[in-house]
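Now for the letters of each chain:
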Amino acid sequence: MEYLDETDGAVTAWEIAHDLEGTTRLRARERCRVLARAGFTVVVPREPLTEKYDITGCGQRYLLGEVDAKHRRPLPAARPPEAVRPGWYAGFG
């Protein structure tokens, strides 16, 4: 989140991985999506390119110490919302 706070505007997972050595694009994307479910970041869709990520006001307040992360945890789920197949795929809808 510190990286997102320091950048001007939304960035891709590749840009995050390129600038932060020791991480991969997939790991950066995974972490940004978890933070988005908690409300600290936002996913900016870019069709047909990859999505971009930006920090929210809540994420900025967290970095300033004004928000307690214990109260902003994403709800656990068997699969994240973006990985769930639609009902028609399994013949339910």
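How each quantity is defined
Residues numbered from 1 in each chain as written. Predicted model: local features only at pLDDT ≥ 70, side-chain atom pairs only at ≥ 80, totals over all residues. Heavy atoms only, no water. Helix = DSSP H or I, 4+ residues; strand = E, 2+ residues; numbered from the N terminus. Buried < 20%, exposed > 50% of the residue type's maximum accessible area, 1.4 Å probe, protein only. Phe/Tyr/Trp six-rings, centres within 6.5 Å; stacked < 30°, edge-to-face > 60°. Salt bridge = Lys/Arg side-chain N within 4 Å of Asp/Glu carboxyl O.

Caption draft 1: Quick look at the environment of Cys58. Turning to its location among the elements, Cys58 is positioned in helix H4 (residues 57-63). The exposure class assigned to Cys58 is buried, which follows from its relative accessible area of 11%. With 20 residues separating them in the primary sequence, Cys58 and Ala38 have C-alpha atoms 9.5 Å apart.

Caption draft 2: Summary view of the packing of aromatic side chains. By the definition in use, this model includes one aromatic pair. For the pair Phe40 and Tyr62, a centre-to-centre distance of 5.2 Å together with 45° between the ring planes defines the contact as tilted. Of this pair, Phe40 sits in the loop between helix H3 (25-38) and strand S2 (41-44) while Tyr62 sits in helix H4, placing them 22 residues apart in sequence.

Caption draft 3: Highlighting the pattern of salt bridges. Counted by the stated rule, this structure contains two salt bridges. In this structure, Arg27 engages Glu30 in a salt bridge whose closest nitrogen and oxygen atoms are separated by 2.7 Å. Of this pair, Arg27 and Glu30 both sit in helix H3, three residues apart, which is roughly one turn of that helix. For Glu30, a relative accessible area of 41% puts it in the partly exposed group. Note that Arg33 and Glu51 form a salt bridge whose closest N and O atoms lie 2.6 Å from each other. Note that Arg33 is positioned in helix H3 and Glu51 in the loop between S2 and strand S3 (52-55), a separation of 18 residues in sequence. Residue class for Arg33 comes out buried when judged on its relative accessible area of 18%.

Purely geometric stuff here, so don't read any function into it on its own.
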